[in-house]
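Each chain, letter by letter, is given below.
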Amino acid sequence: MISNENNAMNPGISTMLKKYRFAIGLALVIAAIYFTNRSVGTEAFDISVSNTKEMLSLLPPVFILVGLLDVWVPKETIIRYMGEDSGWKGILMALFLGSAAAGPLYVAFPITALLLRKRARLAYILFFLGVWSTTKLPILLYEISYMGLKFTAIHAAVGLPFFLLFSIIIEKVMPEDSRESLYRKAEMELP
C-alpha cells in the first residue's frame, strides 16, 4: 500500500518530469548512442555539455538586462514606440533592436517575453525576431566578409520586407482572443 506521503510527492515528480521531458529524452538518446557507438556517443555528450555551458554563460546576463529594462522602461514607453498605433516608429524600433543585437537567437526570447508583457504590437515582435535571426550587425559583417557586399545587400533587401510582411500577416490571421491570451500569459509568467 502506498502512503499518503508518497502520493503527495508524485504530483511534484510528474510535473518535474513533464517540465524537463525534452532534456530527459535527449539524455536517453545520448545514452543510447553511447551504448551503440561509444565514440559518437562521447562526441554527442561533449557537444551537449559545451552548448549547455555556452547557454548558461549567456542567459544570466540577458535575464539581468531584461529585468533592468522591465524596471527602467515604463510600459507606456514601449506602447508609444512599439504599440498598436506606433506605425513606422514600431517598425524602425524593432529593426534597430534586432540589428543591434548580439548572441544566438535563444537570447532574443526573454526580450520577446518582455515586449509581450509591455504590450508591444505582435507584428513588431515577430519582425524583431526575424531581424535578430538573420540581419543583426555581427552577422551582416561576417556575411559581407565571406559572401560579399552585393550578396549581403540582396539578402537584407529581400529578407527584411518579407519578415515584415509575414509578421503583419501572422498578426492579422491570428484571432484576437489568441493574441490576448499570449499577452496575458506573458504578464502572468513574468513577475
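Residues numbered from 1 in each chain as written. Predicted model: local features only at pLDDT ≥ 70, side-chain atom pairs only at ≥ 80, totals over all residues. Heavy atoms only, no water.

This part is about a nonpolar patch on the surface. Residues I154, V158, F162, L165, F166, I169, I170 and V173 make up a contiguous nonpolar surface patch of about 740 Å² in total accessible area. Along the polypeptide, I170 turns up in helix α9 (residues 149-173). The class of I170 is partly exposed, set by a relative accessible area of 45%. (Patch = residues over 30% accessible without salt bridge, like charges linked within 9 Å, V, L, I, M, F, W, Y side chains within 5 Å. Areas by Shrake-Rupley, 256 points an atom, 1.4 Å probe, with all protein chains shown as cover. Salt bridge = Lys/Arg side-chain N within 4 Å of Asp/Glu carboxyl O. Helix = DSSP H or I, 4+ residues; strand = E, 2+ residues; numbered from the N terminus. Buried < 20%, exposed > 50% of the residue type's maximum accessible area, 1.4 Å probe, protein only.)

Going through the model one piece at a time under the given rule, you end up with seven salt bridges. Note that D70 and K118 form a salt bridge whose closest N and O atoms lie 3.4 Å from each other. Of the two residues, D70 is situated in helix α3 (residues 38-72) and K118 in the loop between α6 (108-117) and α7 (122-134); the sequence distance between them amounts to 48 residues. Overall, D70 belongs to the partly exposed group, its relative accessible area being 21%. Linking R121 and E171 is a salt bridge whose minimum nitrogen-to-oxygen distance equals 2.8 Å. Of the two residues, R121 is situated in the loop between α6 and α7 and E171 in helix α9; the sequence distance between them amounts to 50 residues. By relative accessible area, R121 is classed as buried at 12%. One network of salt bridges, with partners in common, ties together K75, R119, E180 and E187.

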